[in-house]
Amino acid sequence: MNSDKLLEDLESLVMNASKVPFTNKKMIEEEELLQIIDDLKESMPTELEQSKKVLAEKEKIIADAQHHADSMVAQAKDYIAKLTEESELVRQAQEHANQIILNANQSSEELKSSSITYAGDVLKYVESTLEKTLSSIKQNRDSLLSSNKTQDTNKQ
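Trainee: Quick rundown of the overall build of the protein? Include the residues and the values.
Mentor: A count of helical and extended segments in the protein gives three helices and two strands. Secondary structure of the protein in N-to-C order comes out as α-β-β-α-α. Dimensions of the protein, computed from C-alpha atoms along their principal axes, come out at roughly 100 × 20 × 20 Å. Sorting the 156 residues of the protein into buried and exposed places 21% on the buried side.

Structural data, given as structure tokens:
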């Protein structure tokens, strides 16, 4: 179960809990609350693992782009070597090979840049989701602790 759903369940549990008469407190089933907390603890590593997979995919895309660029450069060099036999062909080949190398390097940089941007966007989204989840957990914990302190104060 994903953490957003679990946080919604936690919020629903608090919102739908029975009120303690003459107080601003609510009664929550401890077992149900602890189960949601346990589920949250289990879901966090899963979301972190997804982030790691995104990073690994980014690295693979960059490596593939570099390999593709290297392959294109090697092809261009092979092409140059074949055309060096005649002087006019040498000049034309040199110009063509230089253009191929330039295009390969530009393509490689563009692909690398877009891959990094994509991976950055995905990681930013995951980071934002995790921050929201953590913030919500902290708020719910603080609310629960505050509720407990108020309840202890009222008992005295």
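So that's the structure; there's more coming.
Trainee: Before we move on, can you summarise unusual backbone geometry with the specific residues and values?
Mentor: Here Phe22, not a glycine, exhibits a phi torsion of approximately 65°, which is positive. Mapped onto the elements of the fold, Phe22 is located in the loop between strand S1 (18–19) and strand S2 (26–27). You can call Phe22 exposed: its relative accessible area is 88%.

Trainee: So what's going on with the side chain of Ser108? Residues and values would help.
Mentor: Inspection of the secondary structure puts Ser108 in helix H3 (residues 87–155). Here Ser108 is in contact with Ala65, Gln66 and Ala69, once residues within four sequence places are set aside.

Trainee: Tell me what's going on with the pattern of salt bridges, and back it up with residues and numbers.
Mentor: Scanning all chains against the criterion turns up four salt bridges. Put simply, Asp142 and Arg141 hold a salt bridge, and the shortest N to O gap is 3.6 Å.

Trainee: Residues and numbers for the side chain of Thr129, please.
Mentor: Turning to its location among the elements, Thr129 is positioned in helix H3. Thr129 gets classed as buried once you look at its relative accessible area, which sits at 13%.

Trainee: Explain a negative patch on the surface to me, and be specific about the residues and the numbers.
Mentor: Together, Glu29, Glu30, Glu31 and Glu32 make up a region of like negative charge exposed at the surface. With respect to the secondary-structure elements, Glu29 resides in the loop between S2 and helix H2 (30–83).

Trainee: Would you mind going over helix H1 (residues 3–15) in detail, with residue names and values included?
Mentor: Compared with the 18 Å implied by 1.5 Å per residue over 13 residues, the 18 Å span of H1 between its first and last C-alpha is a close match. The complete set of buried residues in H1 reads Ser3, Leu6, Leu7, Leu10 and Leu13. Taken around the axis of H1, the buried residues stretch over an arc of 115°, which confines them to a single face. Within H1, the exposed residues directed more than 90 degrees away from the buried face are Glu8 and Met15.

Trainee: Tell me about the environment of Ala104, and name the residues and values.
Mentor: With respect to the element layout, Ala104 can be found in helix H3. Placed 28 residues apart in sequence, Ala104 and Ala76 show a C-alpha to C-alpha distance of 9.2 Å. Setting aside chain neighbours within four positions, we find Ala104 in contact with Ala69, Met72 and Val73.

Trainee: Quick rundown of the nonpolar core? Include the residues and the values.
Mentor: Core analysis: the largest hydrophobic core is formed by seven residues, namely Leu6, Leu7, Leu10, Leu13, Leu33, Ile36 and Leu40. Listed by contribution, the elements that provide at least two residues to this core are H1 and H2. Tallying contributions element by element places H1 first for this core, with four residues. When sequence neighbours within four positions are dropped, the list of residues in contact with Leu13 reads Ile28, Glu32, Leu33 and Ile36.

Trainee: Would you mind going over the environment of Lys5 in detail, with residue names and values included?
Mentor: Along the chain, Lys5 turns up in helix H1. Put simply, Lys5 and Leu40 are 35 residues apart on the chain and 9.4 Å apart in space, counted from C-alpha to C-alpha. Side chain to side chain, Lys5 and Asp9 meet in a polar contact 2.6 Å long.

Trainee: Can you break down the environment of His68 residue by residue, with the values?
Mentor: Mapped onto the elements of the fold, His68 is located in helix H2. Given the relative accessible area of 47%, His68 is considered partly exposed. For the pair His68 and Ala104, spaced 36 residues apart in the sequence, the C-alpha separation amounts to 8.5 Å.

What counts, and at which threshold
Residues numbered from 1 in each chain as written. Predicted model: local features only at pLDDT ≥ 70, side-chain atom pairs only at ≥ 80, totals over all residues. Heavy atoms only, no water. Helix = DSSP H or I, 4+ residues; strand = E, 2+ residues; numbered from the N terminus. Buried < 20%, exposed > 50% of the residue type's maximum accessible area, 1.4 Å probe, protein only. Contact = heavy atoms within 4.5 Å. Salt bridge = Lys/Arg side-chain N within 4 Å of Asp/Glu carboxyl O. Patch = residues over 30% accessible without salt bridge, like charges linked within 9 Å, V, L, I, M, F, W, Y side chains within 5 Å. Areas by Shrake-Rupley, 256 points an atom, 1.4 Å probe, with all protein chains shown as cover. Lys, Arg positive; Asp, Glu negative; His and termini not counted. Charge placed at Lys NZ, Arg CZ, Asp CG, Glu CD. Expected span 1.5 Å × (residues − 1). Arc of directions from axis to C-beta. Core = buried A, V, L, I, M, F, W, Y, C linked by side-chain atoms within 4.5 Å. Polar contact = N/O pair within 3.5 Å; in protein donor to acceptor, adjacent residues only side chain to side chain.

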